[in-house]
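Residues per chain, in single letters:
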Amino acid sequence: MAAAVSDRIATLSQGDGLVFGCDYNPEQWDRSVWPDDVRLMQQAGVGLVAINIFGWSSINPARGVWDFSGLDEIIALLHAAGIRINLGTGTASPAPWLTAQHPEILPVGEDGTVFQQGGRQGYCPSSPIFRAYAAEVVTRVVERYGDHPAVALWHVSNELGCHNALCYCDNSAEAFRGWLRERYADIDALNRAWGTTFWSQRYSSFDDVRVPGQALSLRNPGQILDFQRFSSDEQLALYRAEAAILREHSTVPVTTNFMVTAHIRNLDYWTWAGDMDLIANDHYLDRRLDDARGELSFAADLTRGLAQGAPWLLMETSTGAVNWQPYNLAKAPGELQRNVAAHVARGADGICFFQWRASTQGAEKYHTALVPHAGEDSDQWRDVVELGGLLERLGEVAGTRVAAGTALFFSWESWWAVENEGRPSEGLTYLDQVHAAHAALADAGITTDIVRPGADLDGYRLIVVPALHLIRDEDAAAIARAVENGATALITFFSGVVDEEDRVRTGGYPGAFRDLLGIRSEEFAPLLPGESVFLTDGTTGSVWTERLKATDADVVASFADGPSAGGPALTRRGAGEGQAWFVATQPDRIAYRDLMTRLAESAGVTAHADANRDVEIVRRTGDAGSFVFVINHGESAVEISLTGHDLVTDAPATGVVPAGGVRIIKEEV
Amino acid sequence: MAAAVSDRIATLSQGDGLVFGCDYNPEQWDRSVWPDDVRLMQQAGVGLVAINIFGWSSINPARGVWDFSGLDEIIALLHAAGIRINLGTGTASPAPWLTAQHPEILPVGEDGTVFQQGGRQGYCPSSPIFRAYAAEVVTRVVERYGDHPAVALWHVSNELGCHNALCYCDNSAEAFRGWLRERYADIDALNRAWGTTFWSQRYSSFDDVRVPGQALSLRNPGQILDFQRFSSDEQLALYRAEAAILREHSTVPVTTNFMVTAHIRNLDYWTWAGDMDLIANDHYLDRRLDDARGELSFAADLTRGLAQGAPWLLMETSTGAVNWQPYNLAKAPGELQRNVAAHVARGADGICFFQWRASTQGAEKYHTALVPHAGEDSDQWRDVVELGGLLERLGEVAGTRVAAGTALFFSWESWWAVENEGRPSEGLTYLDQVHAAHAALADAGITTDIVRPGADLDGYRLIVVPALHLIRDEDAAAIARAVENGATALITFFSGVVDEEDRVRTGGYPGAFRDLLGIRSEEFAPLLPGESVFLTDGTTGSVWTERLKATDADVVASFADGPSAGGPALTRRGAGEGQAWFVATQPDRIAYRDLMTRLAESAGVTAHADANRDVEIVRRTGDAGSFVFVINHGESAVEISLTGHDLVTDAPATGVVPAGGVRIIKEEV
Amino acid sequence: MAAAVSDRIATLSQGDGLVFGCDYNPEQWDRSVWPDDVRLMQQAGVGLVAINIFGWSSINPARGVWDFSGLDEIIALLHAAGIRINLGTGTASPAPWLTAQHPEILPVGEDGTVFQQGGRQGYCPSSPIFRAYAAEVVTRVVERYGDHPAVALWHVSNELGCHNALCYCDNSAEAFRGWLRERYADIDALNRAWGTTFWSQRYSSFDDVRVPGQALSLRNPGQILDFQRFSSDEQLALYRAEAAILREHSTVPVTTNFMVTAHIRNLDYWTWAGDMDLIANDHYLDRRLDDARGELSFAADLTRGLAQGAPWLLMETSTGAVNWQPYNLAKAPGELQRNVAAHVARGADGICFFQWRASTQGAEKYHTALVPHAGEDSDQWRDVVELGGLLERLGEVAGTRVAAGTALFFSWESWWAVENEGRPSEGLTYLDQVHAAHAALADAGITTDIVRPGADLDGYRLIVVPALHLIRDEDAAAIARAVENGATALITFFSGVVDEEDRVRTGGYPGAFRDLLGIRSEEFAPLLPGESVFLTDGTTGSVWTERLKATDADVVASFADGPSAGGPALTRRGAGEGQAWFVATQPDRIAYRDLMTRLAESAGVTAHADANRDVEIVRRTGDAGSFVFVINHGESAVEISLTGHDLVTDAPATGVVPAGGVRIIKEEV
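Residues numbered from 1 in each chain as written. Chains lettered and ligands numbered in written order. Predicted model: local features only at pLDDT ≥ 70, side-chain atom pairs only at ≥ 80, totals over all residues. Heavy atoms only, no water.

Draft legend 1. Just the overall build of chain A, in detail. Within chain A one finds 17 helices and 29 strands. For 669 residues, the compact-globule estimate of 2.2 N^0.38 gives 26 Å, and chain A sits close to it at 26 Å. In terms of its C-alpha atoms, chain A occupies a principal-axis envelope of roughly 75 × 70 × 40 Å. A separation threshold of at least 6 residues defines the contact pool for chain A, and within that pool the share at least 24 residues apart is 72%. Accessible area for chain A stands at about 20900 Å²; split by element, carbon and sulfur atoms hold 47% of it. One finds the centroid of the 53 positive side-chain charges in chain A at a distance of 2 Å from the centroid of its 89 negative side-chain charges. (Helix = DSSP H or I, 4+ residues; strand = E, 2+ residues; numbered from the N terminus. Rg over C-alpha atoms; globule rule 2.2 N^0.38 Å. Contact = heavy atoms within 4.5 Å. Areas by Shrake-Rupley, 256 points an atom, 1.4 Å probe, with all protein chains shown as cover. Lys, Arg positive; Asp, Glu negative; His and termini not counted. Charge placed at Lys NZ, Arg CZ, Asp CG, Glu CD.)

As C-alpha cells, then:
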C-alpha cells in the first residue's frame, strides 16, 4: 500500500503540495451563504472539502424518500470552483425515522441501557437492519457520484466506533457467538482460551456464550479480551461492507478517519490499516491530559506507523477550542501553527479541519471552525488565511519521509489486556506508560517510529517496549532476534507477562522476555498513587516496583527503598550483538530522558542536539530535499545550529527560533 | 394579582400581622397526642397549619375505599382551637396500591431506569392514569371541605416536580410530541428550531420524535431545551388541573409551594406565578454551598420577584438541620432568628415550618421540627416560642413592601441553556454567576429586585444582567431602551449569545448586546478550575475570559495575563442617557462589590451605608411605616446609624447590633 | 455448639495441632501437575484442602450431564497422600448453561439492571429454579462422597452473599412479601413498623409491597431495614437447604466461609452462627483502609465472638497481594507471619489460603497463592514452607482460648440502621466507629471479646458500646443491669436512638441509654469532613457533636468550641456498683486510648503492659498452658517483660522482639 499513497494524497491536492481541507456542512446554512463559502475557501486556499458525512437524513429524509438536489447543487458549486471533494457515504448517523421505526437498531450498554436516538452513531454495529439500510444509502450515493470528476476521495461513515464500539444487545451477542465459532471452531478451544474452569464458567455449547455485560463480580478477562477483538472487527466489517460497494462503482481511493487519540481504545487499527487506500486521522488536543502536545506528537507518529511510514492525512483537527471536553481551552497565540507543524513534521501531507463554518445550532455549536461565529473580520479567520499560505509554501515537503532509527512498540491488544479487570494496580494504565516512553525519547531529541508486535525490526538500532503485556511468543522472539543482531532494547515492567489468550506465562515474570533480559521476577509490588521510591542511582520511580532477581544480567540500579527495596530496578544484559535492558518502575521524567540518551548513545542512534522538552525537532527527507521542523514550545527564544531556507519566514534561517515559534528549514545540501 | 395578595395573606393570619405556621402530620401520631399538639401550637402562636399533604394513602387506603374520619377529626380540633388550615389536596404521593396496580404510572429516568414506589412523588407527571386518580382525590377533598370555615388556603400537591420533573417514559414521550405539535405545528419548524441538519437528525414526522433519553454522544441542545420547557409545563398542568377542580367548589385562595432554591432547576416559575393566588416558597439552608445564607437572600428576593413585589409566604423552612444533605449541620445560636428575619426583610409575610413534630419514623425522622424528639422541655422548643413572640411583635410589618432601584435578571431558560451539553466550560454554571452578582450587590449594601426577561424596567436605575445566555431580541431591546433612558446596565459574559431557540447569533458575541455594549467578542477562552487572571486594575478574575474588541466602548480594565492577555476585560459605553458595562470574567468578590458600588454611585442608586458582607440590611416600607432589618452575621458587634424602635428587643434602638444579632427598627418619621 | 468445636477442628488436623490448608482448584491445571501439587503440599505441611468449590460446570457441564471422574481422581490422590478434604458442595456459581437457559435466575440490581453471567455468584438467592438445580448438585455430591474417609468438612457454596445478597427481581419481591407475611401477619403491623403514614405509604395489602428498588427520593428506612434482614435470611436459607441435604447423607461437620471483613455488611452472622458446625472466616487485608491490620484484629475478634469464644478456622487468606482492590499491595517482609500470628492469637486454630497455585487465567490470575507463578524456586514458596513449620510448632496452642474481661458490642442491624438513608451525617459510618473503639482498646493493650446485643455480660468488667444505634429495650436493659452489677460501660454517640423497628425513642437522645447515662441530648450537631473540635481537657473530637445536658451525670469534659460549645462531651454516672460513661464525639486516637486506659483501670481490667499501637499482644490459655503472642508491627525492636519458650525461634524468649517480628511465648508456669 505504502508506495502508492503519496501519489494518492498528491492527487487530492492535484499535485500541488500539501492538502488544506475541511468538513463542510452546507445543509446547515441558507443557500445564500454558499457562494460566500466558496469565495472564502479560495481566499484561504482550501482545496479539499468533506461533504455528506452526516447526510443521511438530508438525502433520505423518510423511508423510501430520496432527495439529492442539495447535494447535486453543492457538488456542482465546489466543482466549478476547482475544489475537490472528500465524499462521505452519509451513513455516520441513521436518520431519525430509521431508529424510530426500528428501535431494535439502538445500541445497548454494558448494563442493559438502551441508548436513544438524538446524538450521533446511535446504532448497533452488528444490526443486520442497520447494515441493510446503510448499504442502500452508500449504493445510491456511489451510483450517483461515483464518477463525478470533483470526487477525489471516499470517506466511509465517520469516526467508526467512536461511541458505539461496544454494544451488548442481542444482535451483538449473536454476532459475537458467530465470531467465536469462527475463531475457535470447538467449544473446548474456547474453554481453554478463556480458562473457564475458574469460577465454574465452562461452556458446553457456543449457544450459551453471552457478551460480557455487567456482572456482580469481576468477569472473565479472556471473554472481555475477545469481546474487544470482536468489537473492533465488527467496526472494520462496517467499513469493508461500504468500501466493497464503493469499489464496485468507483475507482477513487477509499478511506475512513481513524481516531488515534488518547480517549479511543476500542479499535485495533493495526488490523484496519491494510484496508485503507490512504491513512487518515482525526486529532484534537486533549486538554484533560498533563501533556496534550506530547500526545499529539505520539498520535502523529503512530498514525505514520499505521501508514507504514508513508504520508498520511490529518482529516480533522480544530483551529481552536473544541466543545466536548470539560474545559474547552482556546489555543494560545501561535499554538495552531505549532500543532499543524507538528503533524506535518511527523508525516502528514494534508491538514483538514472540522469544520468550515462554526454551527449556530446542534451539539457542537461551540466547536471552533475555520470561519468563526464572528465571521471573516476576525483574528481567527486571518490566522486561517495565514495558515493556508504556510501550507502552500510547504508544498515541496509533500511526499518526503521521516527517518527514524528507533522503534517504539504499541499494541491495542496490550492496552486491552493491561487494563482488563482484576489487574495488580489501577495506577498502571497502558497509554500512560507508552506516552512516558515516547516523551522520554522526545525529550532526548530522538525521533521514533511506532511499530506493531511482529513488525520488521530491520534498521532499528533502539527498540523500546513499554508495558507490552500481551505478546505472542513469535513476536517476542522477533525482538530477541533484533537484539541478538545488534539492537538495544528497553523493555519495561508488566511486558511479556501474558500470551495471546491473556494467559500468564509461569516460571517468573516477565514471561516472554525473561531469558532475553536475564531476570526473573517473582512478585509485583505496585505503589500507591502519589507514592514514589528512590533508586540507588538517585533517581525516583513511581507506579510500580517488583521483586526481581538478576539471573543473568547486570544490575544497573536497585530500589533504595519501598516495597522492593534492595532488589534490581534497572538491569542490562548483553545478548549477541546487542543489549537488553529492563526497568521495573516508571522513571521520573528526567531520569527517563537520561536513560533514553544513554541507550541511544550505546545503540548508535543520533539525537537532535538542539531538541529538548520544549524544543521539538523532526526531519523529513526525500527527493525534494531535507526539511527540519523546529517547534519551540517554550517561553524563550532558542538558538539552533541548523542552516538553510526557512519556509515559515520564507527567508534564510537565522539560527534563532522565537518563543512559541516554528521554523521549517530546508537544509542546504 | 399583586394587589390582592397582601389581603390574602392577611386573611391567613386573620388580619393579625405575620403568619406563623407549619406542616402538621397528625396521622403519624396517636390521637392522644393531638390535644397536646394544639396546646403547644397555641403556646407558640402557630396560626396556620398545613394538613393532608401526604394524605392519599390515609383517606384512600385502597382502590375505591375512602376514609375521611381522621381528617374530619383533626380539622374539627384545629377549628375549635382557632387555628386556620392550609389544606393539602393530598395528591403529593400516590398511595402504594395505585402504583402496585398500575406500574405504568412509575416515572422513568434518562437511562430507562424505572423508579420504584417507596419514596415520594413516584409518578410520571404525564400519566393519564395518575391524573385521573389524582383528580378524584382532589374532587373528594374539596367537595368535603371546600366550604369549611377553618380552611384558609388550598395547597395543591406538594413541591411539584421536586423529584419527578423529568420523566422519559412512553407516556411522557407521547405528551412531548403533543406539546411540540402545539408549539411548532409544522415539522419543518421543529427542524429549524432544533437545527436538525447537524448530525443527521432531520425529522420527517412528529411521530419520530423522542424524549432526549441517554444517548451515546452529546444530544441535540434544542431538543433538550424544549424538553425542559415541556417538563415545566407538564408540572404546571398538574397544578392547573387541581386548581380548576378546587375553584369549582371553593372560593378559598389556591397555591402550591415553590422551591426557589439552588438545587431545583426544572421549573420555570416565571410561567407559573400568574396561576397562584399567592406566592409561597419552601426554603432550606443549603450547607453544600459556600454561601448558604447568601443563597437564602437571593431566593427570598427571587420569590418576591415572582410575587411582583407583593408579600409572600415562606411555606416551609426548618428550625435546625434537615436530613437530606450529606452533612446536616445544626443551626448555630441565633441562626434561626437571623434566617427568619432575612425572609421577612425580603418580603415574607408568613413563616411556616416543616414540620410540627419531629417524626419518629419515615425518611425524614432526622429532620428537625418545631417540637423536637426531645419534646417541649428543650432549647429548641423554647427558641420556637420566642420566635412566635417575635413574629407577633412584627405584626405591623405585614403588607409593607421592599423598595429597590436595582433590577437583577434571572431566567430559568438561561439556566437550562447555559448548562446544556457541549458548552465551552463546565466551570460556567448559571446560578453561580447570578449568585456572585447578587452577593456583590449585597456586599455593597444594595437591595435589588429580581426580574424576568421582558420585565418592565421603569424605575430601575441599575440593571444587572449576569450570564443571561438565552434572550429574545425584544427582551434584549428592552434593556437597551432602559439604558437609553438613563439606566446603568452591567452585562456579564456569555449573555445574549443565543436566541429563544438556542441559536447562536453570528457576527460576534455577545450577540444581542453587541451594539448596546459597543464590543465584539471573537472567541471564548475559559479558565481551568482554580485558575485566575489579573486585570490591569489589580483585581483578579476566574472562570472565564474571552477575546474581545472594543468597537465603540471605553476599556476600563484589560486582562493583564491569561489566555486573553491584552484584551479588554471591563468596558463601558455611554448610550443615550445611560451607560452599558460589560465584564468578561468573574471578578473576585471584593472587586465585584467595588464595581457594584461604582455603578450604583454612577446610577444614583443609594446603598445602605452600614451594610457589608457581614451586615445585611433591608428596608420594608408601607402605610404602617418604615422598618429596617439589620442582621449581623459577623462575630463582632457592629454600630449602625439607624434610630427608632427596635421590635426585636421591644425597646429604643441603641445603635449597636451584637454579634449574631438581629435588629428590626421601626424608623422615626 | 462451642464445646464440641475444638474437637471438630482437631479432627480436621487429625489431632495434630493447627490446621494448615488451602483452596485447591486442580481442574485449572493439567493432570500432569497434580502429583507435583501433592509433593509440594507435603513439603509445606498442608493438611486440609478445599476442592469442588466452583465445581458445578465441571461436574455438571450441561443439563443432565454429570461427570465426576476428575473429582474422583483428585480425591483419591489427596486421600492417598493423607491430605484431608474440605469438600465444596459445588454450588458457588451456576454453570453457564443454567443461566443461559434460565435467564430468569439472573440477579437484578436496585435500578433494575440484570446482572449477566460471566462473573461468579450470578443468581438470585430467592430463585426457586436456582434452588432446585443447586439441590440436585449437592445431593449428587453428598451421595457420592458423603462417607468418603478423606472428607473431613463440608463447605457449603462459597462466601454466600458476597455479591448477590441484595436482589431486586420479581422472585425476590415475592419472597420478600412471604417473609413479611411471616413477620407481621397483619398488614397494619407492617404499617406501624415502617411508619407508612409518612409520605403516603400506607399499605392495604401485602400484595402491594415491593422491594426497595431505586426511587426518586429517599425511601422508607423501615422497608430498607427489613429488606436487609430478609436478604440475610435468604442467604442463610440457601445454607440451610444445602446443610439439610448434607446432614441427611453424611456425619461430617458442615460449615460455610463467613466474610467478616470491612466491605461485607449484608449478612447478620449473629443469626447464622448457630447453624454452623464450626465457624470459618475468610479474611484479606483491606489496603483501602487507613488501618488494615487493625481491621484484621477486629475481624478475628469478631469471628471468635461468633464462635462464642471457641477456636475457629481462617478458611481463606492470602500470602501476598489480592487482585480485587484498586491497588493490590504486596505484603512487606514478615507481614505474612504477622498476619497469621494475629489470627491465631485471636483464636484461629487453622489457617487456610486462597489458593494453592496461582491461576494463569480467569478473573483472579493476579491473586497471590501458596505456589506463585514463579514456581517453587521463589521467596514466596520458601516463606510458605517456613510458615508451615511455624504452624506445626504451634500445635499445642490448638484448643486454647482467649480470655478477655472486656466486651465490645457489634450489631449488623445497627450497621444497617446507622447507614440507612436520610441520616444526620454521611460522615458517621458504623464500622469506623466500632473500629475506632477497638483500636483504642488495642492501643491500650486491652484484649476484648466482641458480643452481640443480648449477650450474657457476666464476667465482663468493661463494656464498650460504640454507635449501637438500633437496640431493643431488653438488650439495653441488659447493659444497664451489668453496670448496676459493677461493670463500667462506655456508650458512644448515636447509640440507643432507635428501637427494633428503627423508630426514634422520644424524650431526648440517646433514648434507650438516657437514664443509665443520666444525660439528655436535644439535638445532633455533626461536623464536616476534616473538621475537629477541642474539648476542655485539651483533646479533640471529630465527626460528631451534639447538644447534651447532664441531668444526672458528671461532666468530665465539655466542648470548648464548635457547634456544641459549652455543652458536655464526656460524661460519667455512677450507677449501682458500676459506672456509665458517654462520649458525644469521636475522640482522637490518643485521647481514645487514654480514655480506655482510664476506664480499664477503674473497671479493674488488666491491660498488657508492653502493648501499644505498634505492639500487639494477646494471650491464649488452656490445658496446654499459656501462650502470649507478641507482634511487633513497628520499625524498631522492642523489649518485653515476658519469659518462657518462644515457639517462633524455638528457643528461650530473650525479652526482645525485633522490628517487624513475632514472638509466641509459652509462659513458664
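So that's the structure; there's more coming.
Draft legend 2. Summary view of the pattern of salt bridges. Under the counting rule described, the total for this entry stands at 141 salt bridges over all chains. In this structure, the salt-bridge partner of A:R39 is A:E376, at a minimum N-O distance of 2.6 Å. One end of the pair, A:R39, is in helix 2 (residues 34-44); the other, A:E376, is in the loop between strand 9 (348-353) and helix 12 (379-393), with 337 residues separating them in the sequence. With a relative accessible area of 37%, A:R39 lands in the partly exposed category. For A:E376, a relative accessible area of 34% puts it in the partly exposed group. Here B:E500 makes a salt bridge to B:R183, at a shortest N to O gap of 3.4 Å. (Salt bridge = Lys/Arg side-chain N within 4 Å of Asp/Glu carboxyl O. Buried < 20%, exposed > 50% of the residue type's maximum accessible area, 1.4 Å probe, protein only.)

Draft legend 3. Region of the structure containing the interface of chain B and chain C. Between chain B and chain C, the residue contacts involve 56 residues of the former and 57 residues of the latter. In this assembly, chain B packs against chain C so that about 4700 Å² is buried in total across both faces, 54% of it on carbon and sulfur atoms. Considering only the side of chain B, the residues that lose the most area to chain C are B:Y327, B:Q361 and B:Y366, jointly responsible for 16% of the buried surface there. Connecting chain B to chain C are two salt bridges. Where chain B meets chain C, there are 28 residue pairs in polar contact (both at pLDDT 80 or more). Among the elements of the structure, helix 3 (56-59), helix 5 (96-101) and helix 12 (379-393) of chain B are those that each provide at least two residues to the side of chain B that touches chain C. Here the side of chain B that touches chain C takes four residues from helix 5 of chain B, the largest share from any one element. Residues belonging to the side of chain B that touches chain C are distributed by class as follows: 23 nonpolar, 25 polar and eight charged. (Buried area = accessible area lost by both parts, 1.4 Å probe. Polar contact = N/O pair within 3.5 Å; in protein donor to acceptor, adjacent residues only side chain to side chain. Nonpolar A, V, L, I, M, F, W, Y, C, P; charged D, E, K, R; others polar.)

Draft legend 4. Region of interest: the sheet that holds strand 19 (residues 554-558) of chain C. Residue and element names in this part refer to chain C. Strands sit in the order 12-11-13-14-21-20-19 across an open sheet of seven strands; the sheet is mixed. For this open sheet the edge positions go to strand 12 (448-451) and strand 19, each flanked by a neighbour on one side alone. Ignoring which end each strand starts from, the neighbouring axes of this sheet average 20° apart. Of the strand pairs in this sheet, strand 11 (residues 406-409) and strand 12 are connected by four bridges, and their pairing is parallel. Opposite L408, over in strand 12, you have I450 as the bridge partner. In the packing of helix 11 (residues 292-306) onto the sheet, contacts are made with strand 11 and strand 12, and the angle to strand 12 comes to roughly 60°. (Pairing = 2+ DSSP bridges. Axes fitted to C-alpha atoms, helices over the stretch in contact; angles between N-to-C directions.)

Draft legend 5. Structural detail: the sheet that holds strand 16 (residues 532-534) of chain A. Pairing within the open sheet is antiparallel, and its three strands lie in the order 16-17-22 (chain A). Either end of the sheet is taken by a strand with one partner, and the two such strands are strand 16 and strand 22 (586-587) of chain A.

Draft legend 6. Fine view of the relation of the copies chain C and chain A. Rotating chain C by 120° and moving it 0.0 Å along the rotation axis overlays it on chain A with an RMSD of 0.1 Å. Such values leave the two copies arranged in the relation of a three-fold axis. Considering only C-alpha atoms, the part of chain C nearest the rotation axis is C:T113, at 4.8 Å. (Least-squares fit on C-alpha atoms with pLDDT ≥ 70 in both.)

Draft legend 7. Inspection of the packing of helix 12 (residues 335-345) of chain C against helix 13 (residues 379-393) of chain C at higher detail. All names here are of chain C. Two numbers describe how helix 12 lies on helix 13: the axes approach to 11 Å, and their chain directions differ by 30°. In terms of their interaxial angle, helix 12 and helix 13 are classed as roughly parallel. Both helix 12 and helix 13 take part in a crossing whose hand is right-handed. Mapping the contact onto sequence places L336, Q337 and V340 in helix 12 and E386, L387, L390 and L391 in helix 13. Partitioning the contact of helix 12 with helix 13 into residue classes produces five nonpolar, one polar and one charged. (Parallel < 35°, antiparallel > 145°, perpendicular 65-115°, else oblique. Left-handed = near helix turned anticlockwise from the far one by under 90°.)

Draft legend 8. Region of interest: the interface of chain C and chain A. In this complex, chain C contributes 56 residues to the contact, which on the side of chain A involves 57 residues. For the pair chain C and chain A, the two sides together bury roughly 4700 Å², of which 54% comes from carbon and sulfur. Three residues, C:Y327, C:Q361 and C:Y366, lead the burial of chain C against chain A; their summed loss comes to 15% of the area buried on that side. Between chain C and chain A we count two salt bridges in total. A salt bridge links C:K365 to A:D502; the shortest N-O distance between them is 2.8 Å. One can count 28 residue pairs in polar contact (both at pLDDT 80 or more) joining chain C with chain A. Of the residues assigned to the side of chain C that touches chain A, the class counts are 23 nonpolar, 25 polar and eight charged.

Draft legend 9. Inspection of the side chain of C:E295 at higher detail. All names here are of chain C. With respect to the secondary-structure elements, E295 resides in helix 11. Buried and unpaired, E295 has R288 as its nearest opposite-charge partner, separated by 8.9 Å. A polar atom in the side chain of E295 sits 2.6 Å from the side chain of H283. Beyond its immediate stretch of four places on either side in the chain, E295 contacts V260, T261, A262, H283, L289 and H435.

Draft legend 10. Fine view of the packing of aromatic side chains. A complete count under the given rule lists 105 aromatic pairs over all chains for this structure. Relative to A:Y203, the ring of A:W194 lies with its centre 6.0 Å away and its plane at 80°, an arrangement referred to as edge-to-face. With centroids separated by 6.2 Å and ring planes inclined at 70°, the aromatic side chains of C:W179 and C:F230 adopt a geometry described as edge-to-face. One end of the pair, C:W179, is in helix 7 (residues 170-184); the other, C:F230, is in helix 9 (residues 221-249), with 51 residues separating them in the sequence. Here C:F230 falls in the buried class, since its relative accessible area comes to 2%. (Phe/Tyr/Trp six-rings, centres within 6.5 Å; stacked < 30°, edge-to-face > 60°.)

Draft legend 11. Main features of the confidence of the model for chain A. With 99% of its residues at a pLDDT of 70 or more, chain A shows a mean pLDDT of 97. As scored by the predictor, the complex reaches a pTM of 0.97 and an ipTM of 0.97. (pLDDT = per-residue confidence, 0-100.)

Draft legend 12. Region of interest: the packing of helix 2 (residues 34-44) of chain B against helix 12 of chain B. All names here are of chain B. Here helix 2 crosses helix 12 at 50°, and the two axes come no closer than 8 Å. The angle between helix 2 and helix 12 falls in the class oblique. Taking contact as the criterion, the partners of L40, Q43 and A44 in helix 2 are, on helix 12, W381, V384, V385 and G388. For the contact of helix 2 with helix 12, the residue count by class is five nonpolar, two polar and no charged.

Draft legend 13. Representation of the side chain of A:R472 in the model. Residue and element names in this part refer to chain A. Assignment of secondary structure puts R472 in the loop between strand 13 (462-465) and helix 15 (473-484). Within polar-contact distance, the side chain of R472 engages the side chain of E413 at 2.7 Å. Setting aside chain neighbours within four positions, we find R472 in contact with R229, E413, E500 and R505.

Draft legend 14. Just helix 11 (residues 335-345) of chain A, in detail. Residue and element names in this part refer to chain A. Within helix 11, ten of the eleven residues are buried, which leaves the element mostly enclosed by the surrounding structure. Among the residues of helix 11, those classed as buried are E335, L336, R338, N339, V340, A341, A342, H343, V344 and A345. Of the residues flanking the end of helix 11, it is G347, one or two places downstream, whose phi is positive at about 120°.

Draft legend 15. Seen up close, the environment of A:A476. Along the polypeptide, A:A476 turns up in helix 15. Contacts of A:A476, omitting those with residues within four sequence positions, involve A:I471, A:A512 and A:F513.

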